[in-house]
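So you can see what is in the structure, the chains are spelled out below.
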Amino acid sequence: MEGTGLLSLPYVIAQSGLVAIAALMIIPLITCYTGTILIDCLYEKNHAGERIRVRSNYKELGRACWPRFGGTIVAAVQLIELFLLASLYLVLCASLSISIFPGLPLSDKVWMLIAAAIGLPTIFLKNLSQVAWLSLLSLVALVVAVITVLAFGIAHHSTWDPRNILVAGDINEVPVSLAIIIFSYICHPVLPGVEASMENRSQFRTMLALSYTFVAILKIAFSICAFLSFSSNIHDVIVNSLPMGIIRTLVNGFLLLNVFFSYPFRVITIIQTIEESVSVDSFPFKIPQLVWFIGIRLLTNFLTLLPAISIPHFALFMALIGSLTGSCVALIFPAIFHLIVKKEVLKLYHYFFDVLIIFTGILASIFGLFFTGKSLLQT
């Protein structure tokens, strides 16, 4: 849930003011709820009243709701979201590398290729429990970068003016800001795999609630402090508001570590999703297990690199596609699954919440597609 997207949130507050702050409080409540019901839909109760995990992933939930094409559609949306997100990590690696090593005559595409090559060995880990240690390192690197930015801003707190929040914002920027905030709270594509990897699955709800609480507090505190610190010179990525020098280079270095150590988690999730959708035994010819293990990882690594180096204005393109896929995987699909799979045990307020979330997700997709598409065409 927490990555370099955090660094764009102060700019979001500059664009949407109090609306953005309210969204940073409300959206985690909604997405935590949809994450909880998503995992709940993987379970059914047997005759003894015990919860039994009868489904494993998004595809099986889609098939349970729409037997003919549901599994394929849901898996495709999930994979598009995961692939583009993994590609975005390579784009970020290139951007940060250029800022750290401006004297090297290497293009952004060469840096992306280097990032993919360095990241390749890390995706040969077999499960999320092993990858979790790399994710912990990525979080530590991010926290160091965030603390450095905050410390620099707090050191200049004499320039803070809380009234700037009241006058900040443009109503025309609110749809894009909401899309960015929704995207920053999405973790749903990886939740089935995370829950399956837990030693004690009964603690999943507690884990998810604590995670969302921590992330929401961090996002709100960091965004407001960074906005107040740099409101007179605020960029779409707050690191660029720092003055040139050792502090900015240090922060970019830790962010590069964060992105690099986050890449394996995304790619392993893609590989697990593919392996759950396509079995080695489904091919008409025999593929040795070792060849499949190596081949699927090489192919996935290449497919995350391909969009990054071939699509111009990738960040805007990511925002365009993410407006649709992000709302689907985090809002629309979980609520629909809940309404259909659990219809016999739902209370009236469940129906109300789920329908409201579906409606919100559809609106977020429409407005996000329109405004990001407009920005992409203008660019």
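Anything mentioned here points back to the structure above.
Calculation notes
Residues numbered from 1 in each chain as written. Predicted model: local features only at pLDDT ≥ 70, side-chain atom pairs only at ≥ 80, totals over all residues. Heavy atoms only, no water. Patch = residues over 30% accessible without salt bridge, like charges linked within 9 Å, V, L, I, M, F, W, Y side chains within 5 Å. Areas by Shrake-Rupley, 256 points an atom, 1.4 Å probe, with all protein chains shown as cover. Salt bridge = Lys/Arg side-chain N within 4 Å of Asp/Glu carboxyl O. Helix = DSSP H or I, 4+ residues; strand = E, 2+ residues; numbered from the N terminus. Buried < 20%, exposed > 50% of the residue type's maximum accessible area, 1.4 Å probe, protein only. Core = buried A, V, L, I, M, F, W, Y, C linked by side-chain atoms within 4.5 Å. Axes fitted to C-alpha atoms, helices over the stretch in contact; angles between N-to-C directions. Parallel < 35°, antiparallel > 145°, perpendicular 65-115°, else oblique. Left-handed = near helix turned anticlockwise from the far one by under 90°. Contact = heavy atoms within 4.5 Å. Nonpolar A, V, L, I, M, F, W, Y, C, P; charged D, E, K, R; others polar.

Chemist: Help me out: how do you make sense of a nonpolar patch on the surface in this one?
Modeler: Together, Phe-101, Leu-104, Leu-106, Val-110, Ile-114 and Ile-118 line one region of the surface with nonpolar side chains, adding up to about 460 Å² of accessible area. Here Ile-114 is to be found in helix H5 (residues 108-119).

Chemist: Even after reading the chapter, I still don't get the pattern of salt bridges, so can you show me in this structure?
Modeler: In a structure, side chains of opposite charge can pair up when their charged atoms sit close to one another. Inspection of the entire model under this criterion finds 4 salt bridges. Residues Arg-51 and Asp-40 are paired through a salt bridge, measuring 3.3 Å at the closest nitrogen-oxygen approach. Placement of the pair is Arg-51 in strand E2 (residues 51-53) and Asp-40 in helix H2 (residues 18-40), with a sequence separation of 11 residues. For Arg-51, a relative accessible area of 45% corresponds to the partly exposed category. As a salt-bridge pair, Arg-205 and Asp-40 come within 3.9 Å of each other at their nearest N and O atoms. With a gap of 165 residues between them, Arg-205 in helix H10 (residues 204-230) and Asp-40 in helix H2 connect regions that are remote in the sequence. With relative accessibility at 51%, the residue Arg-205 sits in the exposed group. Overlapping salt bridges bring together Asp-40, Arg-51 and Arg-205 as one network.

Chemist: How should I be thinking about the nonpolar core in this particular structure?
Modeler: As a rule of thumb, soluble globular proteins bury nonpolar side chains together. Grouped together as the largest cluster of nonpolar side chains are 106 residues, with contacts concentrated most on Ile-181, Tyr-185, Phe-222, Ile-238, Leu-255 and Phe-337. By residue number, the principal contributor to this core is helix H4 (residues 70-100), which donates 16 residues.

Chemist: So what exactly am I meant to see when it comes to the packing of H2 against helix H8 (residues 174-184) here?
Modeler: The relative placement of two packed helices comes down to the angle between their axes together with the axis-to-axis distance. Viewed as axis vectors pointing N to C, H2 and H8 meet at an angle of 30°, and their least axial separation amounts to 10 Å. As summarised for this structure, H2 and H8 are arranged roughly parallel, according to the angle between their axes. In this structure, H2 meets H8 at a crossing whose hand is right-handed. Across the interface between the two elements, Val-19, Ala-20, Ala-23, Leu-24 and Ile-27 from H2 touch Val-174, Leu-178, Ile-181 and Ile-182 from H8. Along the lines of polarity and charge, the residues of the contact of H2 with H8 split into 9 nonpolar, no polar and no charged.

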